[in-house]
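# Analysis of the macromolecular model
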Amino acid sequence: MKSYTHTVQYYETDRMGVTHHSNYVRWMEEARIDFLKQIGWNYEKLESLGIVSPVTAINCKYKASTTFSDEVSITVSVEEFKGVRLKLSYIMRNTAEKCVCEGTSEHCFLDKNGKIIKLHKEYPDFYHVLTELAGKAAIN
């Protein structure tokens, strides 16, 4: 997987010139959208199939500050997938390869009416991709 790169914008910083903590969660969303695109299941495709994937949990551990115009590389991987619940892991690094933030997000898969989708039955190709990526995470 190719990492996603975000350049810190001026409006993302606070009065001290440091990136406001809430932006890291937004960057996780950007990186997740890019990740899904890379695995062939972009948001447009998911939504056209009637699949929505709400966030059920989010976690961030801030390790170092970033400031305006810093480039942050975000690596996304599948930490865990159990058919209904997907847990993604994010590692954010600056250009010196220093970890600035680690995070996770958890998601489920619902239809447009809010009913849980059984991916293995309804979308086996998507299920297979996520299962394969989760298996690779277990090996590492």
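A brief structural summary. Values in this document were obtained by computation on a predicted structure and should not be read as measured data. Per-chain numbering applies: the sequence of each chain, read as written, is numbered from 1 onward. pLDDT decides what is reported in this predicted model: residues at 70 or higher carry local features, side-chain atom pairs at 80 or more are listed and counted, and totals for whole chains, interfaces and linings draw on all residues regardless. As a rule here, side-chain values cover all heavy atoms of the structure and leave hydrogens and water aside.

## Details of the pattern of salt bridges
Test applied: Throughout this description, the term salt bridge denotes a Lys or Arg side-chain nitrogen within 4 Å of a carboxyl oxygen of Asp or Glu.
Applying the stated criterion across every chain yields a total of four salt bridges. When the shortest N-O distance is used, the salt bridge between K87 and E79 registers 3.3 Å. A network of salt bridges, in which partner residues are shared, links E80, R85 and E106.

## Digging into the side chain of K87
Cut-off, in case you're wondering: Only DSSP runs of H or I reaching four residues or more are called helices, and only runs of E reaching two or more are called strands; each is numbered from the N terminus. Exposure classes here rest on a 1.4 Å probe applied to the protein chains alone. A residue is buried below 20% of its type maximum, exposed above 50%, and partly exposed in between. Whether two residues touch is decided by their heavy atoms; if any such pair falls within 4.5 Å, the residues are in contact.
Turning to its location among the elements, K87 is positioned in strand β4 (residues 85-93). Overall, K87 belongs to the buried group, its relative accessible area being 19%. Among residues more than four places away in sequence, those in contact with K87 are S77, V78, E79, E80, T104, S105 and E106.

## As for the side chain of N23
To keep things clear, this is the line we draw: Residues adjacent in sequence count toward polar contacts only when both atoms are side-chain atoms; beyond that, a polar contact is any pair of N or O atoms within 3.5 Å, and within protein one must be able to donate a hydrogen and the other to accept it.
Mapped onto the secondary structure, N23 falls in helix α1 (residues 22-38). The class of N23 is buried, set by a relative accessible area of 3%. Among the polar contacts made by the side chain of N23, one reaches the side chain of R26 at a distance of 2.8 Å.

## Topic: the sheet that holds strand β1 (residues 4-7)
Put simply, the rule is: Paired strands, in this sense, are two strands between which DSSP finds at least two bridges. Note on geometry: axes are C-alpha line fits, over the in-contact stretch for helices, and angles between N-to-C directions span 0 to 180 degrees.
Ordered in space as β1-β3-β4-β5-β2, the five strands form an open sheet in which the pairing is antiparallel. Whereas interior strands pair on both sides, the edge strands pair on one side only; in this sheet they are β1 and β2 (55-62). The mean angle between the axes of side-by-side strands here comes to 25 degrees, regardless of whether they run parallel or antiparallel. With four bridges joining them, β1 and strand β3 (residues 71-81) adopt antiparallel strand pairing. Bridge pairing in β3 links H6 to V72. Relative to the sheet, α1 contacts β1, β2, β3, β4 and β5 (99-108), its axis offset from that of β4 by approximately 115 degrees.

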